[in-house]
Amino acid sequence: MQNSYHDAIKLIKNQFWINFLNNVEEKKVFQTYKFIKSRLIEKLLSIQNSQKELKIKFNEKCETFLKAMYSSSSKIQINEELLSNESIQWSRVIEGKIKHAINFSTFRKAFESDDISFAIIQQTYKSILKIFNLMYSDLIENNYHSKIWHKDTKIILKKSDKLNYSISKIYRIITLLNCLNKVAEKIIAMQLSYTVEINDKLLDFNQMRDRKQRSVIDVVLNLVHDVQMTKSRENTLICLLLDVKEAFDHVALKQLIKILIKLKILINLIKWVKCFLQNQVIDLAFDDERQKSKKIITEILQDSSISLILFLIYIRYLFSKIRAKIENLQSLSYIDHVALYMKRKNIDKNVKMLKNAAKIAFTWAKKNAVQFNDSKSELIHFESHKTTLNQMIILLNNMIIKSKTCIWWLEVWLNWKLNFKVHMQTKIMTVTRTLHSLFKLMNNEWELNVKSEKQLYLTCIDQHLIYYDK
(Lines give C-alpha, C1' and ligand atoms only; values in the text may rest on other atoms or scores of the structure.)
Protein backbone atom coordinates (compact mmCIF):
# COMPACT_ATOMS: atom_id res chain seq x y z
CA MET A 1 0.00 0.00 0.00
CA GLN A 2 2.79 2.41 0.93
CA ASN A 3 4.71 1.63 -2.29
CA SER A 4 1.60 2.23 -4.37
CA TYR A 5 1.13 5.61 -2.70
CA HIS A 6 4.73 6.75 -3.46
CA ASP A 7 4.51 5.43 -7.04
CA ALA A 8 1.33 7.44 -7.57
CA ILE A 9 3.04 10.61 -6.25
CA LYS A 10 6.00 10.09 -8.61
CA LEU A 11 3.66 9.52 -11.54
CA ILE A 12 1.70 12.72 -10.84
CA LYS A 13 4.93 14.77 -10.47
CA ASN A 14 6.27 13.30 -13.69
CA GLN A 15 3.06 14.09 -15.58
CA PHE A 16 2.96 17.64 -14.16
CA TRP A 17 6.57 18.27 -15.28
CA ILE A 18 5.85 16.99 -18.82
CA ASN A 19 2.75 19.19 -19.08
CA PHE A 20 4.76 22.19 -17.86
CA LEU A 21 7.47 21.62 -20.51
CA ASN A 22 4.92 21.21 -23.29
CA ASN A 23 3.14 24.47 -22.47
CA VAL A 24 5.94 26.73 -21.17
CA GLU A 25 6.14 30.13 -22.92
CA GLU A 26 8.33 33.24 -23.11
CA LYS A 27 10.47 34.01 -20.02
CA LYS A 28 9.32 30.93 -18.09
CA VAL A 29 11.33 28.76 -20.48
CA PHE A 30 14.54 29.95 -18.75
CA GLN A 31 13.16 28.71 -15.44
CA THR A 32 13.26 25.18 -16.86
CA TYR A 33 17.01 25.56 -17.41
CA LYS A 34 17.44 26.53 -13.76
CA PHE A 35 15.47 23.48 -12.62
CA ILE A 36 18.09 21.07 -14.01
CA LYS A 37 20.86 22.61 -11.89
CA SER A 38 21.67 21.42 -8.39
CA ARG A 39 20.27 23.76 -5.72
CA LEU A 40 21.35 21.92 -2.57
CA ILE A 41 22.71 24.28 0.12
CA GLU A 42 24.97 22.45 2.55
CA LYS A 43 25.93 23.61 6.03
CA LEU A 44 29.38 25.03 6.70
CA LEU A 45 31.29 22.34 8.61
CA SER A 46 34.33 24.29 9.80
CA ILE A 47 36.16 27.54 8.98
CA GLN A 48 39.84 28.40 9.36
CA ASN A 49 40.79 31.58 11.20
CA SER A 50 43.92 33.66 10.52
CA GLN A 51 45.98 31.22 12.65
CA LYS A 52 44.63 28.31 10.54
CA GLU A 53 42.67 26.95 13.49
CA LEU A 54 39.40 25.23 12.58
CA LYS A 55 36.29 26.77 14.11
CA ILE A 56 33.14 24.66 14.39
CA LYS A 57 30.74 26.59 16.66
CA PHE A 58 28.43 29.14 15.01
CA ASN A 59 29.69 32.14 17.03
CA GLU A 60 33.32 31.23 16.33
CA LYS A 61 32.61 30.95 12.60
CA CYS A 62 30.89 34.36 12.69
CA GLU A 63 33.96 35.96 14.30
CA THR A 64 36.21 34.35 11.68
CA PHE A 65 34.05 35.66 8.82
CA LEU A 66 33.93 39.17 10.31
CA LYS A 67 37.72 39.36 10.71
CA ALA A 68 38.24 38.06 7.17
CA MET A 69 35.70 40.39 5.56
CA TYR A 70 36.21 43.54 7.61
CA SER A 71 39.81 43.60 8.72
CA SER A 72 40.58 47.24 9.40
CA SER A 73 43.18 48.70 7.06
CA SER A 74 45.95 50.94 8.34
CA LYS A 75 44.81 54.45 9.15
CA ILE A 76 46.60 57.45 7.69
CA GLN A 77 46.47 60.55 9.85
CA ILE A 78 45.64 63.74 7.95
CA ASN A 79 44.65 67.31 8.66
CA GLU A 80 41.51 68.21 6.75
CA GLU A 81 42.41 71.65 5.43
CA LEU A 82 39.71 74.02 4.25
CA LEU A 83 38.54 73.61 0.69
CA SER A 84 39.37 76.36 -1.79
CA ASN A 85 36.75 78.38 -3.63
CA GLU A 86 37.44 76.32 -6.77
CA SER A 87 35.64 73.23 -5.51
CA ILE A 88 33.99 70.86 -8.00
CA GLN A 89 30.33 71.78 -7.79
CA TRP A 90 27.86 69.15 -6.68
CA SER A 91 24.73 69.26 -8.85
CA ARG A 92 21.42 69.57 -7.03
CA VAL A 93 19.37 66.39 -6.60
CA ILE A 94 16.58 66.59 -9.15
CA GLU A 95 13.31 64.68 -9.18
CA GLY A 96 14.25 62.82 -12.35
CA LYS A 97 17.19 61.08 -10.63
CA ILE A 98 15.04 60.04 -7.67
CA LYS A 99 12.38 58.66 -10.02
CA HIS A 100 15.01 56.76 -12.04
CA ALA A 101 16.64 55.27 -8.91
CA ILE A 102 13.27 54.00 -7.65
CA ASN A 103 11.67 52.77 -10.88
CA PHE A 104 14.77 51.06 -12.28
CA SER A 105 15.43 49.00 -9.14
CA THR A 106 14.48 45.37 -9.64
CA PHE A 107 11.67 44.24 -7.37
CA ARG A 108 12.97 40.65 -7.36
CA LYS A 109 15.94 41.41 -5.09
CA ALA A 110 15.81 40.22 -1.49
CA PHE A 111 14.97 42.92 1.05
CA GLU A 112 15.76 43.57 4.71
CA SER A 113 13.77 42.57 7.74
CA ASP A 114 11.68 45.76 7.54
CA ASP A 115 9.71 43.98 4.73
CA ILE A 116 9.82 47.11 2.54
CA SER A 117 10.71 45.86 -0.94
CA PHE A 118 11.36 47.81 -4.14
CA ALA A 119 7.91 46.76 -5.36
CA ILE A 120 6.30 48.45 -2.32
CA ILE A 121 8.47 51.57 -2.75
CA GLN A 122 7.62 51.84 -6.45
CA GLN A 123 3.88 51.65 -5.80
CA THR A 124 4.09 54.05 -2.85
CA TYR A 125 6.15 56.53 -4.90
CA LYS A 126 3.30 56.82 -7.39
CA SER A 127 0.97 57.99 -4.61
CA ILE A 128 3.24 60.28 -2.56
CA LEU A 129 6.07 61.20 -4.92
CA LYS A 130 6.38 64.72 -3.46
CA ILE A 131 7.20 63.28 -0.01
CA PHE A 132 9.83 60.95 -1.53
CA ASN A 133 11.39 63.76 -3.55
CA LEU A 134 11.53 66.06 -0.52
CA MET A 135 12.93 63.34 1.78
CA TYR A 136 15.81 62.24 -0.47
CA SER A 137 16.66 65.78 -1.57
CA ASP A 138 16.88 67.05 2.01
CA LEU A 139 18.83 64.03 3.31
CA ILE A 140 21.44 64.15 0.55
CA GLU A 141 21.81 67.91 0.30
CA ASN A 142 22.20 68.13 4.09
CA ASN A 143 24.86 65.36 3.95
CA TYR A 144 22.97 63.01 6.29
CA HIS A 145 22.73 59.23 5.99
CA SER A 146 20.06 57.80 8.30
CA LYS A 147 21.33 55.63 11.19
CA ILE A 148 18.56 53.11 10.45
CA TRP A 149 20.17 52.50 7.04
CA HIS A 150 23.52 51.55 8.54
CA LYS A 151 22.27 48.05 9.38
CA ASP A 152 22.60 45.13 6.91
CA THR A 153 21.92 41.40 6.99
CA LYS A 154 24.52 39.35 5.15
CA ILE A 155 23.94 35.77 4.00
CA ILE A 156 26.97 33.45 3.65
CA LEU A 157 26.79 31.09 0.63
CA LYS A 158 29.28 28.60 -0.81
CA LYS A 159 30.91 29.24 -4.18
CA SER A 160 30.81 26.25 -6.51
CA ASP A 161 33.75 24.05 -7.56
CA LYS A 162 36.15 24.98 -4.74
CA LEU A 163 38.62 22.47 -3.29
CA ASN A 164 38.85 23.70 0.30
CA TYR A 165 35.68 25.07 1.90
CA SER A 166 37.36 25.78 5.22
CA ILE A 167 38.82 29.03 3.84
CA SER A 168 36.55 31.99 4.64
CA LYS A 169 37.49 34.05 1.57
CA ILE A 170 35.95 31.61 -0.92
CA TYR A 171 32.40 32.18 0.32
CA ARG A 172 29.95 34.52 -1.39
CA ILE A 173 28.37 37.29 0.68
CA ILE A 174 24.77 38.19 -0.25
CA THR A 175 23.37 41.33 1.36
CA LEU A 176 19.69 41.61 2.15
CA LEU A 177 18.86 45.11 1.06
CA ASN A 178 17.43 47.98 2.96
CA CYS A 179 15.70 49.23 -0.16
CA LEU A 180 15.19 52.84 0.99
CA ASN A 181 18.94 52.98 1.67
CA LYS A 182 19.76 51.53 -1.76
CA VAL A 183 17.71 54.24 -3.45
CA ALA A 184 19.77 56.93 -1.65
CA GLU A 185 23.03 55.20 -2.68
CA LYS A 186 21.91 54.98 -6.31
CA ILE A 187 21.10 58.69 -6.37
CA ILE A 188 24.58 59.56 -5.03
CA ALA A 189 26.19 57.14 -7.51
CA MET A 190 24.33 58.82 -10.39
CA GLN A 191 25.39 62.24 -9.10
CA LEU A 192 29.05 61.17 -9.02
CA SER A 193 28.90 59.47 -12.43
CA TYR A 194 27.43 62.63 -13.91
CA THR A 195 30.18 64.71 -12.27
CA VAL A 196 32.82 62.36 -13.76
CA GLU A 197 31.42 62.89 -17.25
CA ILE A 198 31.47 66.69 -17.05
CA ASN A 199 34.74 66.98 -15.12
CA ASP A 200 37.85 65.02 -16.14
CA LYS A 201 39.62 65.62 -12.81
CA LEU A 202 37.77 62.99 -10.78
CA LEU A 203 39.11 59.92 -12.63
CA ASP A 204 42.14 59.17 -14.76
CA PHE A 205 41.22 59.04 -18.46
CA ASN A 206 42.29 55.36 -18.66
CA GLN A 207 39.97 54.21 -15.85
CA MET A 208 37.18 52.56 -17.82
CA ARG A 209 34.58 51.32 -15.33
CA ASP A 210 31.52 53.28 -14.20
CA ARG A 211 31.67 55.60 -17.20
CA LYS A 212 29.29 55.87 -20.12
CA GLN A 213 30.03 53.70 -23.17
CA ARG A 214 33.12 52.17 -21.52
CA SER A 215 32.72 48.50 -20.67
CA VAL A 216 35.04 45.59 -19.94
CA ILE A 217 35.24 44.71 -23.63
CA ASP A 218 36.33 48.30 -24.40
CA VAL A 219 39.34 47.83 -22.09
CA VAL A 220 40.36 44.60 -23.85
CA LEU A 221 39.84 46.17 -27.28
CA ASN A 222 42.04 49.11 -26.29
CA LEU A 223 44.87 46.73 -25.42
CA VAL A 224 44.32 44.64 -28.58
CA HIS A 225 44.37 47.79 -30.73
CA ASP A 226 47.65 48.97 -29.18
CA VAL A 227 49.21 45.53 -29.70
CA GLN A 228 48.17 45.42 -33.36
CA MET A 229 49.40 48.96 -34.02
CA THR A 230 52.72 48.14 -32.33
CA LYS A 231 53.17 45.03 -34.50
CA SER A 232 52.39 46.98 -37.68
CA ARG A 233 55.26 49.34 -36.85
CA GLU A 234 57.58 46.38 -36.18
CA ASN A 235 57.88 47.22 -32.50
CA THR A 236 57.20 44.95 -29.54
CA LEU A 237 54.78 45.42 -26.65
CA ILE A 238 55.33 43.96 -23.20
CA CYS A 239 52.51 44.18 -20.66
CA LEU A 240 52.50 43.81 -16.87
CA LEU A 241 49.11 42.97 -15.34
CA LEU A 242 48.47 43.80 -11.67
CA ASP A 243 45.45 43.06 -9.50
CA VAL A 244 44.51 45.05 -6.40
CA LYS A 245 44.10 42.59 -3.53
CA GLU A 246 40.72 42.68 -1.77
CA ALA A 247 40.17 46.09 -3.31
CA PHE A 248 37.31 47.42 -1.17
CA ASP A 249 38.84 46.12 2.06
CA HIS A 250 41.96 48.25 1.59
CA VAL A 251 40.44 51.70 1.17
CA ALA A 252 41.37 53.82 4.17
CA LEU A 253 38.56 56.27 4.93
CA LYS A 254 40.87 59.08 6.05
CA GLN A 255 42.99 58.72 2.92
CA LEU A 256 39.83 58.74 0.76
CA ILE A 257 38.73 61.98 2.43
CA LYS A 258 42.19 63.42 1.81
CA ILE A 259 41.91 62.59 -1.92
CA LEU A 260 38.42 64.11 -2.13
CA ILE A 261 39.79 67.28 -0.56
CA LYS A 262 42.73 67.29 -3.00
CA LEU A 263 40.27 66.95 -5.89
CA LYS A 264 38.38 69.94 -4.45
CA ILE A 265 35.10 68.08 -4.12
CA LEU A 266 32.33 70.10 -2.51
CA ILE A 267 32.37 69.78 1.29
CA ASN A 268 28.74 68.56 1.40
CA LEU A 269 29.64 65.40 -0.53
CA ILE A 270 32.70 64.76 1.63
CA LYS A 271 30.58 64.96 4.79
CA TRP A 272 27.98 62.60 3.26
CA VAL A 273 30.71 60.04 2.41
CA LYS A 274 32.03 60.16 6.00
CA CYS A 275 28.53 59.75 7.40
CA PHE A 276 27.78 56.89 4.98
CA LEU A 277 30.92 54.85 5.71
CA GLN A 278 30.95 55.13 9.49
CA ASN A 279 29.14 53.13 12.19
CA GLN A 280 28.05 50.14 10.09
CA VAL A 281 26.03 47.41 11.84
CA ILE A 282 25.50 43.93 10.36
CA ASP A 283 23.86 40.57 11.07
CA LEU A 284 25.42 37.37 9.70
CA ALA A 285 23.09 34.54 8.69
CA PHE A 286 23.98 30.99 7.63
CA ASP A 287 23.33 27.36 8.69
CA ASP A 288 19.76 28.32 9.68
CA GLU A 289 21.14 30.61 12.40
CA ARG A 290 21.47 34.36 12.74
CA GLN A 291 24.05 36.39 14.63
CA LYS A 292 23.02 39.30 16.84
CA SER A 293 23.61 42.79 15.43
CA LYS A 294 27.24 43.82 15.67
CA LYS A 295 29.16 47.01 14.90
CA ILE A 296 32.02 46.61 12.44
CA ILE A 297 35.07 48.63 11.47
CA THR A 298 35.13 48.79 7.70
CA GLU A 299 36.11 51.06 4.85
CA ILE A 300 34.17 50.83 1.57
CA LEU A 301 31.27 48.36 1.43
CA GLN A 302 31.72 46.06 -1.57
CA ASP A 303 28.00 45.59 -2.24
CA SER A 304 27.08 49.28 -2.22
CA SER A 305 26.08 51.18 -5.38
CA ILE A 306 28.46 54.02 -4.54
CA SER A 307 31.46 51.91 -3.49
CA LEU A 308 32.73 51.31 -7.02
CA ILE A 309 33.17 54.92 -8.02
CA LEU A 310 34.65 55.81 -4.60
CA PHE A 311 37.26 53.07 -5.09
CA LEU A 312 38.07 54.38 -8.58
CA ILE A 313 38.60 57.86 -7.13
CA TYR A 314 40.78 56.34 -4.40
CA ILE A 315 43.30 54.85 -6.88
CA ARG A 316 43.11 57.55 -9.57
CA TYR A 317 46.48 59.14 -8.66
CA LEU A 318 48.34 55.82 -9.10
CA PHE A 319 48.33 56.15 -12.91
CA SER A 320 49.34 59.79 -13.16
CA LYS A 321 52.16 59.16 -10.68
CA ILE A 322 53.60 56.31 -12.78
CA ARG A 323 53.27 58.19 -16.09
CA ALA A 324 54.96 61.26 -14.58
CA LYS A 325 58.11 59.22 -13.85
CA ILE A 326 58.12 56.70 -16.73
CA GLU A 327 58.18 58.24 -20.19
CA ASN A 328 55.97 56.63 -22.88
CA LEU A 329 54.41 54.16 -20.43
CA GLN A 330 50.72 53.49 -21.04
CA SER A 331 48.10 52.13 -18.68
CA LEU A 332 44.60 50.69 -18.65
CA SER A 333 42.36 50.01 -15.67
CA TYR A 334 39.07 48.23 -15.04
CA ILE A 335 38.12 48.42 -11.34
CA ASP A 336 40.96 46.54 -9.59
CA HIS A 337 42.55 45.18 -12.80
CA VAL A 338 45.54 47.27 -13.94
CA ALA A 339 47.61 46.90 -17.13
CA LEU A 340 50.95 48.71 -17.58
CA TYR A 341 52.75 48.36 -20.92
CA MET A 342 55.61 49.70 -23.04
CA LYS A 343 55.88 49.83 -26.86
CA ARG A 344 59.43 50.00 -28.21
CA LYS A 345 61.84 48.03 -30.38
CA ASN A 346 64.37 47.68 -27.55
CA ILE A 347 63.01 44.75 -25.54
CA ASP A 348 65.48 45.07 -22.64
CA LYS A 349 64.61 48.74 -22.21
CA ASN A 350 60.89 47.89 -22.17
CA VAL A 351 61.43 45.37 -19.39
CA LYS A 352 63.57 47.82 -17.40
CA MET A 353 60.90 50.52 -17.68
CA LEU A 354 58.20 48.11 -16.50
CA LYS A 355 60.35 47.10 -13.52
CA ASN A 356 60.58 50.77 -12.54
CA ALA A 357 56.82 51.19 -13.05
CA ALA A 358 56.12 48.19 -10.81
CA LYS A 359 58.40 49.64 -8.13
CA ILE A 360 56.53 52.97 -8.24
CA ALA A 361 53.15 51.19 -8.12
CA PHE A 362 54.07 49.05 -5.10
CA THR A 363 55.61 52.03 -3.28
CA TRP A 364 52.45 54.09 -3.88
CA ALA A 365 50.30 51.16 -2.71
CA LYS A 366 52.22 50.86 0.56
CA LYS A 367 51.76 54.57 1.32
CA ASN A 368 48.06 54.44 0.53
CA ALA A 369 47.04 51.27 2.43
CA VAL A 370 46.56 49.35 -0.85
CA GLN A 371 47.88 45.87 -1.61
CA PHE A 372 48.51 44.09 -4.91
CA ASN A 373 47.78 40.38 -5.24
CA ASP A 374 51.18 38.93 -6.20
CA SER A 375 49.72 35.59 -7.25
CA LYS A 376 47.63 37.33 -9.94
CA SER A 377 50.47 39.46 -11.34
CA GLU A 378 51.30 38.39 -14.90
CA LEU A 379 53.66 39.37 -17.70
CA ILE A 380 53.14 38.81 -21.42
CA HIS A 381 55.20 39.80 -24.46
CA PHE A 382 53.25 40.34 -27.70
CA GLU A 383 55.25 39.89 -30.87
CA SER A 384 55.34 37.94 -34.13
CA HIS A 385 58.25 35.63 -33.32
CA LYS A 386 58.59 33.47 -30.23
CA THR A 387 62.16 34.51 -29.51
CA THR A 388 62.02 36.80 -26.45
CA LEU A 389 59.39 35.17 -24.28
CA ASN A 390 61.81 34.42 -21.43
CA GLN A 391 61.66 37.91 -19.91
CA MET A 392 60.91 38.41 -16.21
CA ILE A 393 60.27 41.16 -13.67
CA ILE A 394 61.24 41.05 -9.98
CA LEU A 395 58.79 42.83 -7.66
CA LEU A 396 59.74 44.71 -4.48
CA ASN A 397 59.05 41.63 -2.35
CA ASN A 398 61.49 39.65 -4.56
CA MET A 399 58.68 37.72 -6.25
CA ILE A 400 59.60 36.81 -9.83
CA ILE A 401 57.00 37.36 -12.57
CA LYS A 402 57.95 35.35 -15.65
CA SER A 403 56.63 36.08 -19.11
CA LYS A 404 53.75 33.83 -20.19
CA THR A 405 52.64 32.80 -23.66
CA CYS A 406 48.94 33.07 -22.75
CA ILE A 407 47.00 34.96 -20.06
CA TRP A 408 43.37 35.21 -18.94
CA TRP A 409 42.47 38.88 -18.46
CA LEU A 410 39.01 40.34 -17.97
CA GLU A 411 37.40 37.05 -19.09
CA VAL A 412 39.34 36.98 -22.38
CA TRP A 413 42.23 34.65 -23.24
CA LEU A 414 45.11 36.53 -24.90
CA ASN A 415 48.13 34.70 -26.29
CA TRP A 416 51.47 36.09 -27.49
CA LYS A 417 50.38 35.87 -31.15
CA LEU A 418 47.04 37.55 -30.36
CA ASN A 419 45.12 35.16 -32.62
CA PHE A 420 42.46 34.31 -29.97
CA LYS A 421 42.82 30.59 -30.68
CA VAL A 422 42.87 29.65 -26.98
CA HIS A 423 39.93 31.95 -26.25
CA MET A 424 37.84 30.36 -29.00
CA GLN A 425 38.64 26.83 -27.85
CA THR A 426 37.79 27.64 -24.23
CA LYS A 427 34.49 29.32 -25.05
CA ILE A 428 33.44 26.56 -27.44
CA MET A 429 33.99 24.07 -24.61
CA THR A 430 31.77 26.22 -22.37
CA VAL A 431 29.04 26.41 -25.02
CA THR A 432 29.28 22.64 -25.52
CA ARG A 433 28.72 22.01 -21.81
CA THR A 434 25.70 24.32 -21.90
CA LEU A 435 24.36 22.47 -24.94
CA HIS A 436 24.65 19.14 -23.13
CA SER A 437 22.66 20.60 -20.23
CA LEU A 438 19.94 21.71 -22.65
CA PHE A 439 19.80 18.21 -24.12
CA LYS A 440 18.36 17.08 -20.79
CA LEU A 441 15.29 19.18 -21.58
CA MET A 442 15.15 18.30 -25.27
CA ASN A 443 15.09 14.50 -25.10
CA ASN A 444 12.13 12.33 -26.02
CA GLU A 445 11.22 11.61 -22.41
CA TRP A 446 10.45 15.19 -21.37
CA GLU A 447 9.36 16.57 -24.76
CA LEU A 448 9.97 20.30 -24.29
CA ASN A 449 7.96 22.01 -27.02
CA VAL A 450 9.80 23.01 -30.21
CA LYS A 451 9.21 26.75 -29.78
CA SER A 452 10.80 26.73 -26.32
CA GLU A 453 13.69 24.54 -27.52
CA LYS A 454 14.46 27.08 -30.24
CA GLN A 455 14.25 30.01 -27.80
CA LEU A 456 16.68 28.36 -25.36
CA TYR A 457 19.10 27.39 -28.13
CA LEU A 458 19.16 30.85 -29.72
CA THR A 459 19.73 32.55 -26.36
CA CYS A 460 22.18 30.17 -24.69
CA ILE A 461 24.09 28.79 -27.69
CA ASP A 462 23.63 30.59 -31.00
CA GLN A 463 24.18 34.15 -29.73
CA HIS A 464 27.43 33.09 -28.00
CA LEU A 465 28.72 31.42 -31.15
CA ILE A 466 27.98 34.53 -33.23
CA TYR A 467 29.78 36.71 -30.66
CA TYR A 468 32.88 34.51 -30.56
CA ASP A 469 32.95 34.20 -34.36
CA LYS A 470 33.17 37.98 -34.63
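Residues numbered from 1 in each chain as written. Predicted model: local features only at pLDDT ≥ 70, side-chain atom pairs only at ≥ 80, totals over all residues. Heavy atoms only, no water.

**Student:** Tell me what's going on with the confidence of the model for the protein, and back it up with residues and numbers.
**Tutor:** The share of residues in the protein with pLDDT of 70 or more is 83%, and the mean pLDDT across the chain is 79. Long-range and interchain partners of residues 73-80, a stretch whose pLDDT sits below 50, account for 20 contacts in this model, where long-range means more than four residues apart. Below pLDDT 50 for its whole length, residues 466-470 participates in five contacts with residues either more than four positions away or in separate chains. (pLDDT = per-residue confidence, 0-100. Contact = heavy atoms within 4.5 Å.)

**Student:** Please set out unusual backbone geometry residue by residue, giving values where relevant.
**Tutor:** A positive phi angle, close to 65°, is found at Lys264, a residue other than glycine. Inspection of the secondary structure assignment puts Lys264 in the loop between helix 9 (253-262) and helix 10 (267-277). At Leu410, a residue that is not glycine, the phi angle is positive and equals roughly 55°. (Helix = DSSP H or I, 4+ residues; strand = E, 2+ residues; numbered from the N terminus.)

**Student:** Any details on helix 13 (residues 347-367)? Residues and values, ideally.
**Tutor:** For helix 13, with 21 residues, the first-to-last C-alpha span of 31 Å sits near the 30 Å given by 1.5 Å per residue. Of all the residues in helix 13, the buried ones are Ile347, Asn350, Val351, Leu354, Ala357, Ala358, Ile360, Ala361, Phe362, Trp364 and Ala365. The N-capping residue of helix 13, defined by a side-chain oxygen 3.2 Å from the backbone nitrogen of Asp348, is Asn346. Ala369 lies just past helix 13 and shows a positive phi near 60°. (Expected span 1.5 Å × (residues − 1). Buried < 20%, exposed > 50% of the residue type's maximum accessible area, 1.4 Å probe, protein only. Polar contact = N/O pair within 3.5 Å; in protein donor to acceptor, adjacent residues only side chain to side chain.)

**Student:** Go over the environment of Ser403 with me, naming the residues and quoting the values.
**Tutor:** Of note, Ser403 is situated in strand 13 (residues 400-404). Residue Ser403 is classed as buried on the basis of its relative accessible area, which comes to 13%. Sequence separation between Ser403 and Cys239 is 164 residues; the distance between their C-alpha atoms is 9.2 Å.

**Student:** Which residues make up the pattern of salt bridges, and what are the values?
**Tutor:** Scanning all chains against the criterion turns up six salt bridges. Between Lys55 and Glu53 there is a salt bridge; the shortest N-O distance is 3.7 Å. With a closest N to O distance of 2.9 Å, Glu378 and Lys404 form a salt bridge. Of this pair, Glu378 sits in strand 11 (residues 378-382) while Lys404 sits in strand 13, placing them 26 residues apart in sequence. (Salt bridge = Lys/Arg side-chain N within 4 Å of Asp/Glu carboxyl O.)

**Student:** How would you sum up the sheet that holds strand 10 (residues 337-344)? Please name residues and give values.
**Tutor:** Here six strands make up an open sheet; going across it, the order is 9-10-5-11-13-12 and the pairing mixed. Strands with a single pairing partner mark the edges of an open sheet, and in this sheet they are strand 9 (330-334) and strand 12 (392-394). For this sheet the average axis-to-axis angle between neighbouring strands, irrespective of direction, equals 20°. Note that strand 5 (residues 236-243) and strand 10 share eight bridges and pair antiparallel. Looking at the pairing, Leu242 lines up with Val338 of strand 10. Helix 8 (residues 216-232) rests against strand 5, strand 9, strand 10 and strand 11 of the sheet, and its axis sits at about 160° to strand 9. (Pairing = 2+ DSSP bridges. Axes fitted to C-alpha atoms, helices over the stretch in contact; angles between N-to-C directions.)

**Student:** Any chance you could break down a nonpolar patch on the surface for me, citing the residues and the numbers?
**Tutor:** A surface patch of nonpolar side chains, amounting to about 240 Å² of accessible area, comprises Met392, Ile394 and Ile400. Residue position: Ile400 is located in strand 13. The partly exposed category is assigned to Ile400, whose relative accessible area is 43%. (Patch = residues over 30% accessible without salt bridge, like charges linked within 9 Å, V, L, I, M, F, W, Y side chains within 5 Å. Areas by Shrake-Rupley, 256 points an atom, 1.4 Å probe, with all protein chains shown as cover.)

**Student:** Account for empty space enclosed by the protein, with residues named and values stated.
**Tutor:** The final tally for this structure, using the stated rule, is two cavities of 30 Å³ or more. Surrounding the second largest cavity, Tyr136, Leu139, Ile140, Tyr144, His145, Trp149, Ala184 and Trp272 form its lining. Top element by residues in the lining of the second largest cavity is helix 6 (residues 129-141). It accounts for three residues. Grouping the constituent residues of the lining of the second largest cavity by class yields seven nonpolar, one polar and no charged. (1 Å grid on protein atoms, 1.4 Å probe; cavity = no way out; pocket = protein on both sides within 12 Å on 5 of 7 lines; lining within 4 Å. Points joined across faces, edges and corners; volume = space filled by probe spheres on them. Nonpolar A, V, L, I, M, F, W, Y, C, P; charged D, E, K, R; others polar.)

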